[in-house]
Amino acid sequence: MTAAPRTTAAQAAPVRAFPASRGSMRMTSPGEPGGGGSGSEVRPALQDTTVARSARVHDWLLGGVENYAPDRAAGAALVEVVPGARQLAHSGRAFLRRAVGLLAGEAGIGQFLDLGCGLPVLDGNVHEVSQAACPGTRVVYVDVDPVVLAHAFTTLDDNADTLIVGGDIRHPGAIREAIGGFFDWDRPVAVLMANVLDCLPADGADDPDGPAGVVRDWAAVLPSGSPVVIQQMVCADAGVRETVTAVMTGATGGRWGRMATPGDLGRYAAPLHIGPPGLGDVTRWRPDSPAAPGPLCPSGAAAWGVVGRAPGAGSPPGTVGDGGLRSGRGP
Ligand SMILES: C[S@@+](CC[C@H](N)C(=O)[O-])C[C@H]1O[C@@H](n2cnc3c(N)ncnc32)[C@H](O)[C@@H]1O
């Protein structure tokens, strides 16, 4: 399938790819802050710790230690408005682990693309979960934050089946080009968009750089039948959404988008084939235990998610009966 990247002012933004195994790093474009031609040039020391970064706030929500005072302050302010925010973050990761494990094991998807991957987590990164389900699964981590790239490189030191790409997810064509032959583009690629679409500043329904436009563009460049996993916190209460958006945008110096409604998420997922259980609270998607309850959050916020399939060129979106799982590894 031919990639169809949009032409925007930011199209020229550098995109770099770093195979995680030491000694084989490569880059597609030099000069981006925090980047360079070798792993040693991507340093956590470059990070600005005076403003919150979404990756580090998320790390704090998950109980990690890669965060600083502004990140913790932003996280605490978020918890003020959404008292269950930490539980929702954990539920989101648990959903991601289930989806990745089932896609790699049950559905035989051998390639994963984690867009806006964030900092490494303690309880199951995408390469760990997918490669445990099926050794040899290839994973590409993409993020725009040099600090995240540096941590990814450190974590993935000797994993030859993992690639790190520095780039903006609003440019699928450039990212696909950077990945190149690391993926077999004739086979499905599972794309993960967890807690990243709410980081995109643009939010107009028709804005190509907004979440809906970005999902649509990714669906267009993916091999037909590629699973697409979307997950983020949503809330139907406008007051809660406005406060969360103000807290996160202010704390990150404008590097954040907005909190979405459940309806927004449905709009983002519109280009995909959606199977049961459809879009909804992540605790209901293939729970480990039938009794697993959704988190109780007095603010009305919830972690929502969906596993769909990219229809491929010329195929309209619709409903399929496989719950987003169907064999994709091939012979
Ligand atoms: C809240 S973290 C999510 C981490 C992980 N996906 C998860 O759900 O556990 C959001 C990540 O998206 C990254 N991000 C935000 N906007 C991005 C963009 N336009 N392109 C690439 N990465 C982006 C941030 O740098 C951050 O690491």
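Everything that follows concerns the structure shown earlier in this document.
So, here's what we can say about the structure. (Residues numbered from 1 in each chain as written. Predicted model: local features only at pLDDT ≥ 70, side-chain atom pairs only at ≥ 80, totals over all residues.)

### Here we look at helix α8 (residues 238–251)
The condition is simple: Working definition: helices are DSSP H or I runs of at least four residues, strands are E runs of at least two. Numbering for both runs from the N terminus. In this scheme, a helix's expected span is set at 1.5 Å multiplied by one less than its residue total. Exposed residues have 12 or fewer other C-beta atoms within 10 Å of their own C-beta, buried residues have 20 or more, and residues in between are partly exposed; the C-beta atoms are placed from the backbone. To obtain the arc, one takes the directions from the helix axis to the C-beta atoms. For every residue pair, C-beta atoms are placed from the backbone, and the pair is scored as a contact if these atoms sit within 7 Å.
End to end, α8 covers 20 Å across 14 residues, agreeing with the expected 20 Å (1.5 Å per residue, within 8%). Within α8 the residues assigned to the buried category are R241, V244, V247, M248 and A251. One face of α8 carries all of its buried residues, which in axial projection span an arc of 135 degrees. For α8, the exposed residues set more than 90 degrees away from the buried face come down to A238 and G239. Contact partners of the buried residues in α8: α2 (69–81). One or two positions beyond α8, positive phi appears at G253, with a value near 65 degrees.

### Topic: the nonpolar core
Heads up, the rule is: Joined through C-beta atoms within 7 Å, a set of buried Ala, Val, Leu, Ile, Met, Phe, Trp, Tyr and Cys residues constitutes a nonpolar core.
Within the largest apolar cluster, 94 residues are counted, with the highest numbers of intra-cluster contacts made by V191, L192, V229 and I230. Ranked by residues supplied to this core, first place goes to helix α3 (residues 85–105) with 10 residues. Among residues more than four places away in sequence, those in contact with V229 are L96, A99, A190, L192, M193, A194, G305 and V307.

### Brief notes about the pairing of strand β2 (residues 111–115)
Keep this limit in mind: Note: two strands are recorded as paired if DSSP finds a minimum of 2 bridges between them. A clockwise path from the first strand over the helix to the second, with the strands pointing away from the viewer, defines a right-handed crossover.
Among the five residues in β2, five count as buried, and that is most of the element. Here β2 shows two buried faces, one formed by Q111, L113 and L115 and the other by F112 and D114. In the sheet, β2 pairs with strand β3 (residues 138–143) via five bridges, with the strands oriented parallel. If you follow L115 over to β3, its bridge partner there is V142. At this point the chain moves from β2, through helix α4 (residues 126–133), to the parallel β3, and the crossover so formed is right-handed. Pairing of β2 with strand β5 (residues 190–194) involves three bridges; the strand directions are parallel.

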